[in-house]
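# Working through the structure, step by step
So you can see what is in the structure, the chains are spelled out below.
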Amino acid sequence: MMPPPNVTGSLHMGHALTFTIQDTLIRFHRMLGKSVLWQPGSDHAGIATQVVVERQIEPQSRHDLGRDAFVKKVWDWKAQSGGMISQQLHRLGASPDWSRDRFTMDEGLSAAVRKVFVQLYREGLIYRDKRLVNWDCQLQSAISDLEVEQKEVDGHLWYIRYPLKDNPSEHMIVATTRPETMLGDTGIAVHPDDERYQDLVGKQAVLPLVGRDLPIIADSYSDPEKGSGAVKMTPAHDFNDFEIGRRHNLAMINILDNHGRLNDEVPEAYRGLDRFQARKRVLADLESAGLIEKIESIRHAVPFSERSGTQVEPFLSDQWYADAQTLAKEAIAAVEDGRTRFVPKQYENIYFEWMRNIQPWCISRQLWWGHQIPAWYGPDGEVFVANDANEAAEQAEAHYGKSVELVQDEDVLDTWFSSGLWPFSTLGWPQDTSELHRYYPTDVLVTGFDIIFFWVARMMMLGLKFMGEVPFKDVYIHGLVRDERGQKMSKSKGNVIDPLNLIEKYGADALRFTILASTGPGRDIKFGESRVEGYRNFATKLWNATRFTEMNGCELDQDFDPSTCNNIVNRWILSKLTMASTQVRQAFADYKFNEAASTLYQFTWNEFCDWYLELAKPLLQGDDGPDKTETQKTAAWVLAKMLHLLHPATPFVTEELWQRRFGSPGGSLIAAEWPEFDDALTDNAAESEIDWLVRTIGAIRTARNEVSVPAGARISLNVHGASDVTKKRLQRHEASMARLARLASVEPSDAAIAKGSLQVVVDEATYALPLADVIDLDQERQRLQKELSKVEGDIAKIEKKLGNPQFLERAPADVVEEQRNRREELARSRDKLAAALARIAA
């Protein structure tokens, strides 16, 4: 199931991450020959969409238009602009079944929503209640926790004197960050073990400015170490106070109206004031009465609405609720007994923590855009819940004995209610469809950890309730995309990366491969543009290698049998290809995308492009003969299979190269089968020998570079201590070694190593390059020693800094991490320099 992006959405890095992973899985399993469905769609995004359209009709308000006209405006906007996210997903390479594209307000999905609501209501699992909600005073609606952003702001902690009723000259000191809400206080709580207040429990204090008696209660919620240890209880305007108030039967007095203005529950002097104006008035009056003990400046978290940007109010109101605790029982059991598993497993703990402490789910929103709640009210307020107005009228007539006028509830359902039905409503439920039988339960859900509760849990509860089975067998949880320094991306920090810009600049394949290469189990991704540029170079490398094979007559022969190859270099690359295919297939199956990407990169860039084509070049460009023909066919066959392996990760470049080189009669890669390889292609002997050759040439090249041997210098190589096996290999591959390591000759030697030789050890043998006549060894030693001393000095500075407790305490976490990474980078440089010094014989 594609997590439906908001219809208002534009592709961001979070989308790029999750949809790249999903598309890679879909393409991989499609190539395995499975009947694959990736169900696309978009979410009506109640609040977000309504806000967009309300801004468009300014200076008019939705109330000026009326509900029907406003909702029509929203549908018009959706028709014109709502498909942008789908178009952007095409650019990323997403390949769901677009013919099945669904929208959470489709008629079919709306029918499913109504049926679920009605059934849950009739079973007593949906009900109305007066509880606290997150209230957006600008939108005048309840909002979900996911739409609340906690922001660190500068504020104050006011210590206020509450007189004791029996002795007004004595006071309890109560600390608060929101003095205006004290007008709704109905109690004071202290910890039962706090000796300072034990003689006051059961007595009363008097609420300043109001005169209301406040019972002093004992509750373990109060923290004796925080503030004064005494906490004012405002059950109608604080979530913790609400629960404590219920435990102790405290009155719940809502002092605000829907706009955030003080209502008639407060003294007349404060009525009609905006909440922030009221704060100033309350503080002024407390100051005049001498009731402010002290004021502390603090920095604290304050909830803001992500949609309107205004401060969220805990607000007591009548709303519709679902009995999440009952629905959660089977959803908890399904993960406990393994019917659904989380990957990585650690995220089960987050799921259990939320589900075992679940609260009633507020499912109503005071909006116009969304699924209007299928409840109608009679003249006396009697509620009739039905699938449509006609059914509600029949219920009302049966109840009243006559026809009466009914009014539908104006609220709409929480967006998560309809998206919670996504795994089965999109497959045709409540109709009994063939798609339901074939694809439910789904195999895997890919999503972020931040919506495990908001979405995954709701789908689990509702899927088990209405389908009798879990909605998915696996839940793969990925991390967040952060910037290069590990910071969360945000507009305020200016570190947001636009994936569409990256696609424009480097191509979708480079972006996709970067994401996959960076996606480790349970880890956030540190993402930088330089990495995308690097993988763009990878795609270019693949393109150039394909052109090289084309220019050298490498054509795909449908009758070619790779198991008949005789040349050891060809047998080596076939064996490496077989191993890479096995590893990539297993990595994709285990959701280890970084391992799959690493294997693909290593095989494509290093083994095929850098080594195989270089080792095969003399054969490909030499005289015609059996070895040349075999190598041409092998190169084409391996390239074709390699494009298959790369296709799930990089669909654009692989499909383009496939069509250019092998498309007819090969068809399209998107519909091709995943390569299967005969065990006979695994050749351990060939791997051992050519791997040795690659390691030896690579070590000689590295050593030459480390001591700045001129690239054009061809030097004789003396090999000391070589075994008989190595001597035979040297003889067979002398030409390749001389060409690729720029050697004048390769000679086994029993003599002592010449003074002034550069030494390289590979396995049992030592390879010596006499350099006395090529470079000034003393000067080179001095250069290396100078660089080494500088690097060691830099390491010492960083270690001193990291060993300073004050630095670790004061520096931001990303700065500390940056210093640690720099130390590791320098340590690697130090080791290389030390190795280079050691290579130069005394």
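This text goes with the structure placed above it.
Because the structure is predicted, anything quoted here is derived from the model rather than measured. (Residues numbered from 1 in each chain as written. Predicted model: local features only at pLDDT ≥ 70, side-chain atom pairs only at ≥ 80, totals over all residues. Heavy atoms only, no water.)

## Some details on the sheet that holds strand 17 (residues 383-385)
Pairing is antiparallel in the open sheet, where three strands are placed in the order 17-16-18. Strands at the two margins of the open sheet, each flanked by one partner only, are strand 17 and strand 18 (407-408). Of the pairings in the sheet, the one linking strand 16 (residues 375-377) to strand 18 comprises two bridges and is antiparallel in character. Along strand 18, the bridge assignment pairs Trp376 with Gln408. In this fold helix 11 (residues 389-400) packs onto strand 16 and strand 17, with an angle of close to 135 degrees to the strand it touches most, strand 17. (Pairing = 2+ DSSP bridges. Helix = DSSP H or I, 4+ residues; strand = E, 2+ residues; numbered from the N terminus. Contact = heavy atoms within 4.5 Å. Axes fitted to C-alpha atoms, helices over the stretch in contact; angles between N-to-C directions.)

## Topic: unusual backbone geometry
Backbone phi values are negative for most residues with the exception of glycine, while trans is the configuration of most peptide bonds. Glu58 connects to Pro59 through a cis peptide bond whose omega is 10 degrees. Within the secondary structure layout, Pro59 lies in the loop between helix 2 (46-56) and helix 3 (62-65). A cis amide bond, omega 15 degrees, links Trp429 with the succeeding residue Pro430. Topologically, Pro430 is positioned in the loop between helix 13 (422-425) and helix 14 (434-439). With a phi close to 55 degrees, Gln140 is a non-glycine residue in the positive phi region. The class for Gln140 is partly exposed, based on a relative accessible area of 25%. (Buried < 20%, exposed > 50% of the residue type's maximum accessible area, 1.4 Å probe, protein only.)

## Structural notes on the pairing of strand 27 (residues 765-770)
Counting buried residues in strand 27 gives five out of six residues, a clear majority hidden from the surface. With three bridges joining them, strand 24 (residues 715-720) and strand 27 adopt antiparallel strand pairing. Opposite His720, over in strand 27, you have Thr766 as the bridge partner. Inspection of the sheet shows strand 26 (residues 757-762) paired to strand 27 by six bridges, in the antiparallel sense. If you follow Gln759 over to strand 27, its bridge partner there is Ala768. Hairpin connection between strand 26 and strand 27: a loop of two residues separates the two successive antiparallel strands, and Asp763 in this loop has a positive phi of roughly 55 degrees.

## Thoughts on helix 10 (residues 347-356)
Turning to helix 10, its buried residues number three or more, namely Tyr347, Glu348, Tyr351, Phe352 and Met355. Mapping the buried residues of helix 10 onto a view down its axis gives an arc of 140 degrees, with all of them on the same face. Away from the buried face of helix 10 by more than 90 degrees, exposed residues Asn349 and Glu353 are located. Tucked inside the fold, the buried residues of helix 10 contact helix 9 (324-336), strand 13 (341-343), helix 15 (452-467) and strand 21 (472-478). (Arc of directions from axis to C-beta.)

## Regarding the environment of Pro40
Its location among the elements puts Pro40 in the loop between helix 1 (13-31) and strand 1 (41-42). On the basis of relative accessible area, Pro40 is assigned to the buried category, the value being 0%. Distance from Pro40 to Pro96, taken between C-alpha atoms, is 6.0 Å for residues 56 residues apart in sequence. In this view, Pro40 contacts Met2, Pro96, Asp97, Trp98, Arg100, Asp101, Arg102 and Trp422; residues no more than four positions away in its chain are not counted.

## Quick word on the sheet that holds strand 10 (residues 230-233)
The four strands lie next to each other as 8-9-7-10, forming an open sheet whose pairing is mixed. Only two strands of the sheet have a single neighbouring strand rather than two, namely strand 8 (204-206) and strand 10. Mean inter-strand twist for the sheet, computed between neighbouring axes without regard to direction, equals 30 degrees. Looking at chain direction, strand 8 and strand 9 (residues 213-218) are connected through three bridges and run antiparallel. Pairing of Val206 across the sheet is with Asp213, part of strand 9.

## Regarding the packing of helix 9 against helix 10
One way to put it is that helix 9 packs onto helix 10 with a least axis distance of 10 Å and a crossing angle of 160 degrees. Classified by the interaxial angle, the pair formed by helix 9 and helix 10 is roughly antiparallel. Read as a crossing pair, helix 9 and helix 10 show a hand that is left-handed. Of the residues in helix 10, those in contact with Ala328, Ala331, Ile332, Val335 and Glu336 of helix 9 are Glu348, Tyr351, Phe352, Met355 and Arg356. Broken down by class, the residue content of the contact of helix 9 with helix 10 amounts to seven nonpolar, no polar and three charged. (Parallel < 35°, antiparallel > 145°, perpendicular 65-115°, else oblique. Left-handed = near helix turned anticlockwise from the far one by under 90°. Nonpolar A, V, L, I, M, F, W, Y, C, P; charged D, E, K, R; others polar.)

## Quick notes on the pairing of strand 9
Both strand 7 (residues 187-190) and strand 9 contribute to a ladder of three bridges, which runs parallel. By the bridge assignment, Ala189 is partnered in strand 9 with Ile217. Between the end of strand 8 and the start of strand 9, which pair antiparallel, lie six residues, with Leu209 showing a positive phi angle near 70 degrees.

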